[in-house]
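Architecture at a glance
Residue strings, one per chain:
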Amino acid sequence: MNDIFSGKSVRLSAVDPDDFSRMFTRWSQDSEYMRLLNGNAIRLNSIAANKKWMEKELEGPSSGLYFFSIRSLADDQLIGEIVLDVSNWTSRDAFVGLSLGERENWGRGYGTDVMNVLLRFAFTEVNLRRVTLVVFEYNPRAIRSYEKAGFRHEGRYRKFLNREGRRWDMLLMGIQREEWMEQNMESHQ
Amino acid sequence: MRNLFRGELVRLTAEEPGSRAKVEVHWQRDTEFHRLADSDPAGMESEKKLKEWFEKRNEEGFKPERYSFSVRTLDEDKLIGFFGLWLDLIHNEAWVGIGIGEREFWGKGYGTDMMKLCLQYAFTELNVYRVSLGLHAYNPRALRSYEKAGFRLEGCTRGDVAREGRRHDSLWMGILREEWIQMQNGDSK
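Quick caveat, the model's predicted, so the values are computed rather than measured.

1. A short note on the overall build of chain B
Helices and strands together make up the secondary structure of chain B, namely six helices and seven strands. Listed by position from the N terminus, the elements making up chain B come as β-α-α-α-β-β-β-α-β-α-β-β-α. For chain B, the C-alpha radius of gyration of 16 Å lies close to 16 Å, the compact-globule estimate for 189 residues. Across the 189 residues in chain B, those meeting the buried criterion constitute 46%. For chain B, the share of sequence-separated contacts (at least 6 apart) that also reach a separation of at least 24 residues comes to 61%. Here chain B contributes 30 positive and 32 negative side-chain charges, whose respective centroids are spaced 2 Å apart.

2. Some remarks on unusual backbone geometry
Backbone geometry at Arg92(A) places phi at a positive 60°, although glycine is not the residue there. Following the sequence through the fold, Arg92(A) ends up in the loop between strand E3 (78-88) and strand E4 (93-100). Residue classification places Arg92(A) among the buried residues on the basis of a relative accessible area of 4%. For Glu164(B), which is not glycine, the phi dihedral falls at a positive 50°. By secondary structure assignment, the location of Glu164(B) is in the loop between strand E6 (152-163) and strand E7 (166-176).

3. Brief notes about the packing of helix H1 (residues 17-27) of chain B against helix H3 (residues 47-58) of chain B
Residues and elements named next belong to chain B. Axis separation between H1 and H3 bottoms out at 8 Å; the angle between their running directions is 135°. By the angle class used here, H1 and H3 are oblique. For the crossing formed where H1 meets H3, the hand is right-handed. Of the residues in H3, those touching H1 at Pro17, Gly18, Arg20, Ala21, Lys22, Glu24 and Val25 are Glu47, Leu50, Lys51, Phe54, Glu55 and Asn58.

4. Side note on the packing of aromatic side chains
Residue and element names in this part refer to chain A. For the structure shown, the criterion picks out 27 aromatic pairs over all chains. A ring pair is formed by Tyr66 and Phe121, whose centres lie 5.4 Å apart and whose planes are at 75°; its orientation type is edge-to-face. With Tyr66 in strand E2 (residues 65-72) and Phe121 in helix H4 (residues 110-124), the pair connects residues that are 55 residues apart, well separated along the chain. Phe121 gets classed as buried once you look at its relative accessible area, which sits at 6%.

5. Notes on the environment of Leu36(B)
Residues and elements named next belong to chain B. Examined against the element boundaries, Leu36 turns out to sit in helix H2 (residues 31-37). We classify Leu36 as buried; its relative accessible area is 17%. Considering only alpha carbons, one finds Leu36 and Met114, 78 residues apart in sequence, at a separation of 17 Å. Those residues in contact with Leu36, other than ones at most four positions away along the chain, are Trp106, His136, Tyr138, Asn139 and Arg141.

6. Considerations on the packing of H4(A) against helix H5 (residues 140-149) of chain A
Residue and element names in this part refer to chain A. Contact pair H4 / H5: the axes reach a minimum separation of 9 Å and the direction vectors enclose 40°. The angle between H4 and H5 places the two elements in the oblique class. Of the two elements, H4 crosses H5, and the hand of that crossing is right-handed. Contacts between H4 and H5 involve Gly111, Thr112, Met115, Asn116 and Leu119 from the first element and Ser145, Tyr146, Lys148 and Ala149 from the second. Partitioned by chemical class, the residues of the contact of H4 with H5 number four nonpolar, four polar and one charged.

What counts and how
- Positions within a chain are numbered from 1, following the residues in the order the chain's sequence is written.
- Note on labels: chains are lettered from A, ligands numbered from 1, in written order.
- In keeping with the model being predicted, local features are shown solely for residues with a pLDDT of at least 70 and side-chain atom pairs are shown and tallied solely at 80 or more, while totals for entire chains, interfaces and linings include all residues.
- By convention in this description, side-chain values take in all heavy atoms of the structure and omit both hydrogens and water.
- Going along the chain from the N terminus, every DSSP run of H or I of four or more residues is numbered as a helix, and every run of E of two or more is numbered as a strand.
- Our radius of gyration looks at C-alpha atoms and nothing else; its globule reference is 2.2 Å times the residue count to the power 0.38.
- Per-residue accessibility, obtained with a 1.4 Å probe over protein chains only, is compared with the maximum for each type, and a residue is labelled buried under 20%, exposed over 50%, and partly exposed between these values.
- For this analysis, residues touch if any pair of their heavy atoms sits within 4.5 Å.
- The charge count includes Lys and Arg as positive and Asp and Glu as negative, but it does not include His or the ends of the chains.
- Working definition for charges: the position is that of NZ of Lys, CZ of Arg, CG of Asp or CD of Glu.
- In this analysis an axis means a line fitted to C-alpha atoms, helices contributing only their contacting stretch, and an angle means the value between N-to-C directions, from 0 to 180 degrees.
- Our angle categories are set so that under 35 degrees counts as roughly parallel, over 145 as roughly antiparallel, 65 to 115 as roughly perpendicular, and the remainder as oblique.
- Take the far helix as the reference: if the near one is turned anticlockwise from it by less than a right angle, the crossing is left-handed, and if turned clockwise, right-handed.
- Note on ring pairs: Phe, Tyr and Trp rings are taken, using the six-membered ring of Trp, and paired if centres are within 6.5 Å. Classes follow the plane angle, with under 30 degrees stacked, over 60 edge-to-face and the rest tilted.
- Each residue is assigned to one class: nonpolar for Ala, Val, Leu, Ile, Met, Phe, Trp, Tyr, Cys and Pro, charged for Asp, Glu, Lys and Arg, and polar for all the others, Gly among them.

What follows is the structure, given as structure tokens:
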């Protein structure tokens, strides 16, 4: 069997609250990063506050939250985070969110690569039925990446966000188990 | 939609620590009940201790891997038994533990009715792929009831239980989703 935690250019690794909070606090200094990541008012939190938040996330109320750091294979740098949150076990649907912290790592295929790794984990390890995500209209780079990973457009909340003096849609995307299997199972075996 | 919590002879209710502990005090004095239901040594606990134990289990009531019910008769609303489901969320299967504490309700179809509700809940609400259970080979009444509900005998661990000076086998049964659906369509033999 393959190493399911590694892709072509990145790998999933455990979240260390110390490393993560230090890096995330740095990434937060770039307001564009925060606006691509989050629909709420962006804010700056201390390393200590971010560490506390992450420690709480990792406790988890139950098995169903899979939080990973993203590391580059070339130089083993912590470049982002990705989370799979099983929202409904009886329907076996999960929500995925990911971000890459440094601008220099944007647009290089890391996001698509790590999403492929995560989908393989979701469908062949957690045995889910579908994976869902939301993305903002003003993030075409992410939308393109999710399409490449196999996500389909399933709907949009119109004029959902208010930013920079105008309103933007939030797009809903999803991928079903059969769709992923069809595209990936041969190469996976 | 049909009422998943109501059978022909019994209905399912929430497990209330107070009333559950009260009946358990009586049930635990019946060592035959204990030996049919469990392989732990028969023990005696105070009502206070039992109530605390059930209160603790109540806290698990929101976990997606744990479901507990008390069972009451339809005609007298008497609390006669219980069942619980433990899910393996990743592999989407469940284990069931079930029992009737009130002797006068043994051998009258109450257990089979309970198990039907249990399977209906597991397959149509929890959407599991299979349900498993174990029983003592010296409990032929239970074996017959589980068979009636659709379980098949899948295995036997020989001599793993020591009781009353001799060794006894444990039996392992299971039912698959498609088998259960076929039974509901009236196709079973």
